[in-house]
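# Descriptive structure summary
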Amino acid sequence: MGTWRVGEGDLLRTQKEVEILKYGLQNGINVIDTAEMYGEGKAETVVGRAIKNFDRDSFQLISKFYPYHATPKLIKDSLEKSLKRLNTDYLDVYLLHWRGDTPLAETVQGLEAVKKEGLIKSWGVSNFSTSDLEELASVPDGENCQVNQDLYNLTSRGVEYSILPYQKKHNIDFMGYSPFGSDGNEYLNLKDEVGEVAAQKHISIFELLLAWVIRNNNVLSIPKTSSVDHFAMNLHAADIEFTPDELELLDKIYPKPTEETPLDTI
Ligand code: NDP
């Protein structure tokens, strides 16, 4: 479950967000993605309230630090604050949210140090292109990167060209963010034909979008919802399969990339 824009509303909305995260954990979700940036810590606080009574080993917690907190000292400061808000003593994965000015070697050094202390189990990056990943692999311990998290949905397929193959080759997990194009579907502006495919399958467009992202079993998707009905729909997407004809049709509507393109981000 994603948590961008969580914790930014009134008391009632926040309570609902705590409940939906709990509901998710009770119903098979085992990854929560958050960041110090989301509501400047408010999303982490909501997650901390939600996970309180769950067995910490039964799910994975991922958070991210700002690129301007990417030196060894600031990584540790940020991490300690995140852990406090999250009511936990470790993160499963800690991500550099996007690339900034700090040399990657310094950031990796800081991440390896907090890993040694047991404050994180592993680390990764976000919004990295293939060339960024190659550069990362060239610095000391850079090959310990476990995860890269990039934008991935039906209308934004650039990562299929070289990022997904690179990550597969180098055993770096791929997390795809914004499967619905982010809040309120406003970025996707989907073509009508996608709705026709969904209608023929008797599923919603949201189910189609999510099932499509995870169709090859090589992507961890982190949809965000604050609605139980939407959550149930999203969970159902894990059971939806596409026929080769349906996939071909979707490829015609939103073609696969045939060349390297600049990395899409939100
Ligand atoms: P999503 O693509 O997950 O879309 C969220 C929107 O879709 C919300 O408005 C939600 O509304 C709606 N929605 C969810 N499920 C349904 C459904 N079944 N039917 C109808 N509407 C639905 O957007 P995000 O940008 O939040 O991306 C997911 C997560 O990825 C983030 O929360 C964050 O954790 C991560 N992320 C990481 C980034 C990075 O730079 N690393 C950048 C952006 C996101 P409702 O709440 O009402 O269900």
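Fair warning: this is a prediction, and the values are worked out from it, not measured in the lab.

## Looking at the pattern of salt bridges
This model, assessed by the stated rule, comprises 16 salt bridges. For the salt bridge of E44 with R85, the shortest nitrogen-to-oxygen distance reads 2.7 Å. Placement of the pair is E44 in helix α2 (residues 42–51) and R85 in helix α3 (residues 72–86), with a sequence separation of 41 residues. A residue is classified by how much of its surface remains accessible, and E44, at 0% relative accessible area, is buried. For the salt bridge of K73 with D77, the shortest nitrogen-to-oxygen distance reads 2.9 Å. Of this pair, K73 and D77 both sit in helix α3, 4 residues apart, roughly one helical turn. We classify K73 as exposed; its relative accessible area is 56%. Taken together, the shared-partner salt bridges in this structure form one network comprising R157, E160, R215 and D251.

## A short note on the environment of D192
Mapped onto the fold, D192 is located in helix α7 (residues 192–200). In this structure the C-alpha to C-alpha distance between D192 and I253, which are 61 residues apart in sequence, comes to 9.5 Å.

## Brief notes about unusual backbone geometry
The phi angle at N87 is positive, at roughly 60 degrees, despite the residue not being glycine. Checked against the element boundaries, N87 lands in the loop between α3 and β3 (91–96). Among the residues examined, N87 registers a relative accessible area of 46% and is labelled partly exposed. A positive phi angle, close to 60 degrees, is found at H202, a residue other than glycine. Inspection of the secondary structure assignment puts H202 in the loop between α7 and α8 (205–213).

## Topic: the site of the ligand
Residues in close proximity to the ligand total 27 residues, the closest being D33, S182, D183, T225 and H230. Contacts to the ligand include P179, whose backbone N or O atom sits 3.3 Å from an oxygen atom. The side chain of T225 places a nitrogen or oxygen atom 2.5 Å from an oxygen atom of the ligand. Its free accessible area being 890 Å², the ligand has 92% of it covered by the protein chains. By residue number, the principal contributor to the shell around the ligand is helix α9 (residues 228–237), which donates 3 residues. Here the shell around the ligand is built from residues that sort into 9 nonpolar, 14 polar and 4 charged.

## With respect to α7
Within the span of α7, buried status applies to V194, V197 and A198. Down the axis, α7 shows its buried residues gathered within 100 degrees of arc, on one side only. The exposed residues of α7 that point more than 90 degrees off its buried face are D192 and Q200. If you follow the buried residues of α7, they end up packed against α8 and α10 (244–253). Positioned one or two residues after α7, H202 has a phi angle of 60 degrees, which is positive.

## Observations regarding the sheet that holds strand β5 (residues 147–151)
Across the sheet, 7 strands lie side by side as β1-β2-β3-β4-β5-β6-β7; this open sheet has parallel pairing. Whereas interior strands pair on both sides, the edge strands pair on one side only; in this sheet they are β1 (31–33) and β7 (220–221). Two strands pair when backbone bridges link them, and β5 and strand β6 (residues 173–177) are joined in this way by 5 bridges, in the parallel orientation. Along β6, the bridge assignment pairs N148 with F174. Against the sheet, helix α4 (residues 104–116) touches β2 (60–65), β3 and β4 (120–126), its axis set at about 155 degrees to β4.

Rules used throughout
- Residues numbered from 1 in each chain as written.
- Predicted model: local features only at pLDDT ≥ 70, side-chain atom pairs only at ≥ 80, totals over all residues.
- Heavy atoms only, no water.
- Salt bridge = Lys/Arg side-chain N within 4 Å of Asp/Glu carboxyl O.
- Helix = DSSP H or I, 4+ residues; strand = E, 2+ residues; numbered from the N terminus.
- Buried < 20%, exposed > 50% of the residue type's maximum accessible area, 1.4 Å probe, protein only.
- Near = heavy atom within 4 Å.
- Polar contact = N/O pair within 3.5 Å; in protein donor to acceptor, adjacent residues only side chain to side chain.
- Areas by Shrake-Rupley, 256 points an atom, 1.4 Å probe, with all protein chains shown as cover.
- Nonpolar A, V, L, I, M, F, W, Y, C, P; charged D, E, K, R; others polar.
- Arc of directions from axis to C-beta.
- Contact = heavy atoms within 4.5 Å.
- Pairing = 2+ DSSP bridges.
- Axes fitted to C-alpha atoms, helices over the stretch in contact; angles between N-to-C directions.

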